[in-house]
Amino acid sequence: MTDRKKVTLPTLFKKVTNHEPITWLTCYDYPTAFLQEQAGIDMILVGDSLGMTMLGYESTLPVTMEDMIRHTQAVRRGAPKVFLIGDMPYMSYQPSVETAIRNAGRFMAEASCDAIKLEGGAEMADRIRGIVSAGIPAIGHLGLTPQSVSALGGFRVQGKGALQAKKIIDDAKALEQAGAFMILLEMVPDRVCKLITQRADNCIIMSLGSGPDAHGQLLIYHDMFGLYPRFRPRMAKVFGEAGKVILDGLSSYVKEVSDKSFPQPENWFSMPDDEYDELQNLLK
Ligand code: KIV
(Lines give C-alpha, C1' and ligand atoms only; values in the text may rest on other atoms or scores of the structure.)
Protein backbone atom coordinates (compact mmCIF):
# COMPACT_ATOMS: atom_id res chain seq x y z
CA MET A 1 0.00 0.00 0.00
CA THR A 2 1.17 3.55 -0.66
CA ASP A 3 1.19 6.25 2.01
CA ARG A 4 -0.67 8.71 -0.23
CA LYS A 5 -3.13 11.16 1.24
CA LYS A 6 -6.76 10.74 0.18
CA VAL A 7 -7.58 12.80 -2.90
CA THR A 8 -10.57 15.02 -2.10
CA LEU A 9 -12.50 17.82 -3.80
CA PRO A 10 -10.23 20.46 -2.19
CA THR A 11 -7.18 18.53 -3.48
CA LEU A 12 -8.56 18.77 -7.02
CA PHE A 13 -9.45 22.47 -6.81
CA LYS A 14 -6.01 23.18 -5.31
CA LYS A 15 -4.39 21.56 -8.33
CA VAL A 16 -6.45 23.84 -10.59
CA THR A 17 -5.40 26.92 -8.58
CA ASN A 18 -1.75 25.83 -8.80
CA HIS A 19 -2.06 25.13 -12.56
CA GLU A 20 -1.16 21.47 -12.00
CA PRO A 21 -2.97 19.19 -14.49
CA ILE A 22 -5.26 16.57 -12.94
CA THR A 23 -4.62 12.94 -13.97
CA TRP A 24 -7.62 10.70 -14.59
CA LEU A 25 -7.96 7.17 -15.96
CA THR A 26 -10.66 4.58 -16.30
CA CYS A 27 -10.31 1.38 -14.31
CA TYR A 28 -12.59 -1.59 -13.76
CA ASP A 29 -10.81 -4.12 -11.52
CA TYR A 30 -8.83 -4.56 -8.30
CA PRO A 31 -5.29 -5.29 -9.59
CA THR A 32 -5.33 -2.40 -12.07
CA ALA A 33 -6.71 -0.07 -9.40
CA PHE A 34 -3.85 -1.11 -7.13
CA LEU A 35 -1.30 -0.17 -9.83
CA GLN A 36 -3.03 3.13 -10.63
CA GLU A 37 -3.03 4.08 -6.96
CA GLN A 38 0.70 3.32 -6.73
CA ALA A 39 1.36 5.39 -9.87
CA GLY A 40 -0.25 8.41 -8.19
CA ILE A 41 -3.31 8.82 -10.41
CA ASP A 42 -5.60 11.53 -8.96
CA MET A 43 -8.96 10.24 -10.18
CA ILE A 44 -10.40 6.94 -11.38
CA LEU A 45 -13.55 6.64 -13.46
CA VAL A 46 -15.25 3.28 -13.36
CA GLY A 47 -16.77 3.96 -16.75
CA ASP A 48 -19.73 2.20 -18.26
CA SER A 49 -17.19 1.61 -21.05
CA LEU A 50 -16.63 -1.56 -19.01
CA GLY A 51 -19.47 -2.93 -21.11
CA MET A 52 -17.11 -2.86 -24.09
CA THR A 53 -13.65 -3.20 -22.50
CA MET A 54 -14.49 -5.87 -19.90
CA LEU A 55 -17.77 -7.50 -20.90
CA GLY A 56 -17.38 -7.53 -24.70
CA TYR A 57 -20.64 -5.76 -25.59
CA GLU A 58 -20.67 -3.67 -28.77
CA SER A 59 -21.81 -0.56 -26.89
CA THR A 60 -22.23 0.71 -23.32
CA LEU A 61 -26.02 0.41 -23.40
CA PRO A 62 -26.47 -3.08 -21.89
CA VAL A 63 -24.51 -2.17 -18.72
CA THR A 64 -26.57 -2.31 -15.51
CA MET A 65 -26.23 -0.66 -12.10
CA GLU A 66 -25.35 -4.10 -10.72
CA ASP A 67 -22.43 -4.40 -13.17
CA MET A 68 -21.26 -0.93 -12.21
CA ILE A 69 -21.51 -1.42 -8.46
CA ARG A 70 -19.65 -4.76 -8.57
CA HIS A 71 -16.71 -3.33 -10.53
CA THR A 72 -16.64 -0.05 -8.60
CA GLN A 73 -16.41 -1.91 -5.28
CA ALA A 74 -13.43 -3.89 -6.60
CA VAL A 75 -11.70 -0.70 -7.77
CA ARG A 76 -12.23 0.98 -4.41
CA ARG A 77 -10.63 -2.01 -2.65
CA GLY A 78 -7.55 -1.60 -4.86
CA ALA A 79 -7.37 2.19 -4.69
CA PRO A 80 -8.60 3.51 -1.35
CA LYS A 81 -6.99 6.95 -1.75
CA VAL A 82 -7.97 8.01 -5.28
CA PHE A 83 -10.94 10.24 -6.03
CA LEU A 84 -13.35 7.58 -7.30
CA ILE A 85 -16.15 8.27 -9.76
CA GLY A 86 -19.04 5.98 -10.60
CA ASP A 87 -20.39 6.37 -14.13
CA MET A 88 -24.19 6.31 -14.25
CA PRO A 89 -25.16 3.63 -16.81
CA TYR A 90 -27.84 3.91 -19.49
CA MET A 91 -31.34 4.46 -18.05
CA SER A 92 -30.07 4.82 -14.48
CA TYR A 93 -30.75 8.59 -14.58
CA GLN A 94 -32.62 9.41 -17.80
CA PRO A 95 -36.14 8.40 -16.59
CA SER A 96 -36.46 10.94 -13.74
CA VAL A 97 -34.66 13.08 -11.18
CA GLU A 98 -35.68 10.63 -8.46
CA THR A 99 -34.22 7.65 -10.33
CA ALA A 100 -31.03 9.63 -10.82
CA ILE A 101 -30.73 10.50 -7.11
CA ARG A 102 -31.41 6.91 -6.01
CA ASN A 103 -28.81 5.41 -8.34
CA ALA A 104 -26.23 8.10 -7.57
CA GLY A 105 -26.82 7.30 -3.90
CA ARG A 106 -26.12 3.62 -4.56
CA PHE A 107 -22.65 4.48 -5.92
CA MET A 108 -21.89 6.44 -2.75
CA ALA A 109 -23.37 4.00 -0.22
CA GLU A 110 -22.46 0.65 -1.80
CA ALA A 111 -19.19 1.44 -3.58
CA SER A 112 -17.67 4.29 -1.53
CA CYS A 113 -17.52 6.65 -4.51
CA ASP A 114 -16.50 10.29 -4.17
CA ALA A 115 -18.67 11.48 -7.07
CA ILE A 116 -20.79 10.31 -9.99
CA LYS A 117 -20.72 11.21 -13.70
CA LEU A 118 -23.59 11.36 -16.15
CA GLU A 119 -23.90 12.24 -19.84
CA GLY A 120 -25.88 15.08 -21.37
CA GLY A 121 -26.26 18.86 -21.50
CA ALA A 122 -28.93 21.35 -20.42
CA GLU A 123 -31.61 18.64 -20.66
CA MET A 124 -29.86 16.84 -17.77
CA ALA A 125 -29.36 19.94 -15.61
CA ASP A 126 -32.29 18.98 -13.36
CA ARG A 127 -30.71 15.54 -12.73
CA ILE A 128 -27.42 17.23 -11.77
CA ARG A 129 -29.26 19.70 -9.53
CA GLY A 130 -31.17 16.91 -7.76
CA ILE A 131 -28.07 14.78 -7.22
CA VAL A 132 -26.04 17.73 -5.93
CA SER A 133 -28.84 18.77 -3.57
CA ALA A 134 -28.74 15.22 -2.17
CA GLY A 135 -25.13 15.97 -1.18
CA ILE A 136 -23.50 13.99 -3.99
CA PRO A 137 -20.75 15.64 -6.09
CA ALA A 138 -21.67 15.40 -9.79
CA ILE A 139 -19.71 15.51 -13.04
CA GLY A 140 -21.21 16.30 -16.44
CA HIS A 141 -20.06 14.75 -19.73
CA LEU A 142 -20.39 16.60 -23.05
CA GLY A 143 -19.23 16.17 -26.64
CA LEU A 144 -19.14 12.56 -27.71
CA THR A 145 -21.46 10.91 -25.20
CA PRO A 146 -21.37 7.16 -25.89
CA GLN A 147 -24.86 6.46 -24.52
CA SER A 148 -26.25 8.66 -27.34
CA VAL A 149 -23.89 7.35 -30.02
CA SER A 150 -26.76 6.38 -32.26
CA ALA A 151 -28.32 9.88 -32.13
CA LEU A 152 -24.86 11.43 -32.65
CA GLY A 153 -24.26 9.39 -35.80
CA GLY A 154 -21.33 7.34 -34.52
CA PHE A 155 -18.10 7.82 -32.58
CA ARG A 156 -17.06 11.18 -34.08
CA VAL A 157 -15.81 14.62 -33.05
CA GLN A 158 -18.57 16.88 -31.71
CA GLY A 159 -18.66 20.67 -32.08
CA LYS A 160 -16.65 21.23 -35.24
CA GLY A 161 -19.29 23.62 -36.59
CA ALA A 162 -19.94 26.97 -34.89
CA LEU A 163 -23.59 26.23 -34.05
CA GLN A 164 -22.84 22.84 -32.50
CA ALA A 165 -19.86 24.33 -30.63
CA LYS A 166 -22.08 27.11 -29.24
CA LYS A 167 -24.54 24.48 -27.99
CA ILE A 168 -21.74 22.60 -26.19
CA ILE A 169 -20.54 25.87 -24.60
CA ASP A 170 -24.12 26.68 -23.47
CA ASP A 171 -24.58 23.12 -22.16
CA ALA A 172 -21.37 23.42 -20.13
CA LYS A 173 -22.62 26.61 -18.50
CA ALA A 174 -26.02 25.00 -17.77
CA LEU A 175 -24.33 22.04 -16.06
CA GLU A 176 -22.04 24.32 -14.07
CA GLN A 177 -25.01 26.43 -12.96
CA ALA A 178 -26.86 23.26 -11.94
CA GLY A 179 -23.98 22.48 -9.57
CA ALA A 180 -21.61 20.17 -11.48
CA PHE A 181 -18.15 20.63 -9.98
CA MET A 182 -16.51 19.11 -13.07
CA ILE A 183 -17.29 18.64 -16.76
CA LEU A 184 -15.63 16.12 -19.06
CA LEU A 185 -15.34 17.13 -22.72
CA GLU A 186 -14.92 14.10 -24.97
CA MET A 187 -13.78 14.55 -28.58
CA VAL A 188 -14.50 18.27 -28.73
CA PRO A 189 -12.18 20.52 -30.81
CA ASP A 190 -9.30 21.97 -28.78
CA ARG A 191 -10.40 25.58 -29.30
CA VAL A 192 -13.90 24.85 -28.02
CA CYS A 193 -12.42 23.11 -24.98
CA LYS A 194 -10.20 26.14 -24.34
CA LEU A 195 -13.17 28.52 -24.52
CA ILE A 196 -15.15 26.38 -22.06
CA THR A 197 -12.18 26.19 -19.69
CA GLN A 198 -11.67 29.97 -19.83
CA ARG A 199 -15.36 30.58 -19.13
CA ALA A 200 -15.65 28.14 -16.22
CA ASP A 201 -16.11 29.97 -12.93
CA ASN A 202 -16.09 27.27 -10.29
CA CYS A 203 -16.00 24.15 -12.40
CA ILE A 204 -13.08 21.90 -13.36
CA ILE A 205 -12.91 21.07 -17.08
CA MET A 206 -11.36 17.77 -18.15
CA SER A 207 -10.34 16.65 -21.63
CA LEU A 208 -10.63 13.30 -23.36
CA GLY A 209 -9.29 13.90 -26.85
CA SER A 210 -10.20 17.59 -26.54
CA GLY A 211 -6.76 19.14 -26.37
CA PRO A 212 -4.32 20.46 -23.79
CA ASP A 213 -6.15 23.50 -22.44
CA ALA A 214 -8.43 21.79 -19.91
CA HIS A 215 -7.57 21.43 -16.21
CA GLY A 216 -6.58 17.81 -16.72
CA GLN A 217 -6.69 14.73 -18.94
CA LEU A 218 -8.63 11.46 -19.02
CA LEU A 219 -7.72 8.34 -20.99
CA ILE A 220 -9.36 4.94 -21.27
CA TYR A 221 -6.98 2.48 -19.65
CA HIS A 222 -7.54 -0.23 -22.27
CA ASP A 223 -6.70 2.21 -25.08
CA MET A 224 -3.47 3.41 -23.49
CA PHE A 225 -2.13 -0.15 -23.18
CA GLY A 226 -3.40 -1.67 -26.42
CA LEU A 227 -5.83 -3.92 -24.55
CA TYR A 228 -9.01 -3.31 -26.57
CA PRO A 229 -9.01 -5.55 -29.64
CA ARG A 230 -11.76 -3.91 -31.72
CA PHE A 231 -10.29 -0.45 -32.43
CA ARG A 232 -7.72 2.12 -31.35
CA PRO A 233 -9.03 5.67 -31.11
CA ARG A 234 -6.66 8.32 -32.54
CA MET A 235 -6.81 10.41 -29.35
CA ALA A 236 -5.45 7.59 -27.19
CA LYS A 237 -1.67 7.54 -27.04
CA VAL A 238 -0.45 4.00 -26.41
CA PHE A 239 1.86 4.19 -23.37
CA GLY A 240 2.76 0.49 -23.48
CA GLU A 241 1.85 -2.49 -25.65
CA ALA A 242 0.58 -4.59 -22.73
CA GLY A 243 -1.79 -6.49 -25.01
CA LYS A 244 1.17 -7.67 -27.08
CA VAL A 245 3.21 -8.60 -23.99
CA ILE A 246 0.32 -10.68 -22.66
CA LEU A 247 -0.28 -12.35 -26.04
CA ASP A 248 3.42 -13.29 -26.28
CA GLY A 249 3.26 -14.77 -22.77
CA LEU A 250 0.11 -16.74 -23.55
CA SER A 251 1.63 -18.15 -26.75
CA SER A 252 4.75 -19.21 -24.80
CA TYR A 253 2.56 -20.96 -22.22
CA VAL A 254 0.71 -22.88 -24.92
CA LYS A 255 4.03 -23.88 -26.52
CA GLU A 256 5.74 -24.91 -23.25
CA VAL A 257 2.84 -27.01 -21.98
CA SER A 258 2.56 -28.63 -25.41
CA ASP A 259 6.28 -29.46 -25.66
CA LYS A 260 6.44 -30.38 -21.91
CA SER A 261 9.08 -27.78 -21.07
CA PHE A 262 6.62 -26.45 -18.44
CA PRO A 263 6.34 -27.24 -15.56
CA GLN A 264 9.86 -27.66 -14.09
CA PRO A 265 10.64 -28.82 -10.51
CA GLU A 266 10.61 -25.23 -9.20
CA ASN A 267 6.98 -25.03 -10.33
CA TRP A 268 5.66 -27.92 -8.25
CA PHE A 269 5.75 -29.22 -4.67
CA SER A 270 7.28 -32.51 -3.53
CA MET A 271 6.61 -34.85 -0.60
CA PRO A 272 9.33 -36.15 1.79
CA ASP A 273 10.45 -39.73 0.94
CA ASP A 274 9.47 -41.13 4.38
CA GLU A 275 5.95 -39.71 4.11
CA TYR A 276 5.63 -41.11 0.64
CA ASP A 277 6.75 -44.57 1.82
CA GLU A 278 4.18 -44.45 4.62
CA LEU A 279 1.50 -43.44 2.15
CA GLN A 280 2.39 -46.44 -0.01
CA ASN A 281 1.94 -48.68 3.05
CA LEU A 282 -1.41 -47.07 3.85
CA LEU A 283 -2.58 -47.77 0.33
CA LYS A 284 -1.72 -51.48 0.48
O1 KIV B 1 -17.53 5.03 -19.74
C2 KIV B 1 -16.49 5.69 -19.89
O3 KIV B 1 -15.36 5.21 -19.76
C4 KIV B 1 -16.65 7.09 -20.21
C5 KIV B 1 -15.51 7.71 -20.91
C6 KIV B 1 -15.63 7.44 -22.37
C7 KIV B 1 -15.42 9.14 -20.64
O8 KIV B 1 -17.67 7.66 -19.99
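Above this text is the structure in question.
These lines cover the structure that appears in this document, whether it is placed above or below. Only a predicted model underlies this, so the values are computations on that prediction, with no experimental measurement involved. (Residues numbered from 1 in each chain as written. Predicted model: local features only at pLDDT ≥ 70, side-chain atom pairs only at ≥ 80, totals over all residues. Heavy atoms only, no water.)

1. Some points on the site of the ligand
Around the ligand, 13 residues are found, and the nearest of them are Gly-47, Asp-48, Ser-49, Asp-87 and Lys-117. One of the side-chain N or O atoms of Asp-87 is found 3.0 Å from an oxygen atom in the ligand. Lys-117 places a side-chain nitrogen or oxygen 3.0 Å from an oxygen atom of the ligand. In a pocket analysis with a 2 Å cut-off to the grid points, the ligand is assigned to the largest pocket. (Near = heavy atom within 4 Å. Polar contact = N/O pair within 3.5 Å; in protein donor to acceptor, adjacent residues only side chain to side chain. 1 Å grid on protein atoms, 1.4 Å probe; cavity = no way out; pocket = protein on both sides within 12 Å on 5 of 7 lines; lining within 4 Å. Sits in = over half its atoms within 2 Å of the grid points.)

2. Some thoughts on the packing of aromatic side chains
To describe a pair of aromatic rings, you give the distance between the ring centres and the angle between the ring planes. The final tally for this structure, using the stated rule, is six aromatic pairs. With a centroid separation of 6.5 Å and 35 degrees between ring planes, the pair formed by Tyr-30 and Phe-34 is classed as tilted. You can see Tyr-30 and its partner Phe-34 sitting in helix α2 (residues 30–39), four residues apart, about one turn around the helix. Measuring from ring centre to ring centre gives 5.1 Å for Tyr-221 and Phe-225, while their planes differ by 55 degrees; the resulting arrangement is tilted. The class of Tyr-221 is buried, set by a relative accessible area of 14%. (Phe/Tyr/Trp six-rings, centres within 6.5 Å; stacked < 30°, edge-to-face > 60°. Helix = DSSP H or I, 4+ residues; strand = E, 2+ residues; numbered from the N terminus. Buried < 20%, exposed > 50% of the residue type's maximum accessible area, 1.4 Å probe, protein only.)

3. Here we look at the pairing of strand β6 (residues 182–186)
Taking burial as the measure, the five residues of β6 include five buried ones, the bulk of the element. Of the two faces of β6, the one lined by Met-182, Leu-184 and Glu-186 and the one lined by Ile-183 and Leu-185 are each fully buried. As defined by bridge partners, β6 adjoins strand β7 (residues 204–208) across five bridges and the pair is classed as parallel. Across the sheet, the residue bridging to Glu-186 is Leu-208, located in β7. (Pairing = 2+ DSSP bridges.)

4. Quick look at the pairing of strand β8 (residues 216–219)
Sheet topology note: the strand β1 (residues 22–26)/β8 ladder contains four bridges and is parallel. Counterpart to Trp-24 in the pairing with β8 is Leu-218. As defined by bridge partners, β7 adjoins β8 across two bridges and the pair is classed as parallel. By the bridge assignment for β8, Ser-207 is matched with Gln-217.

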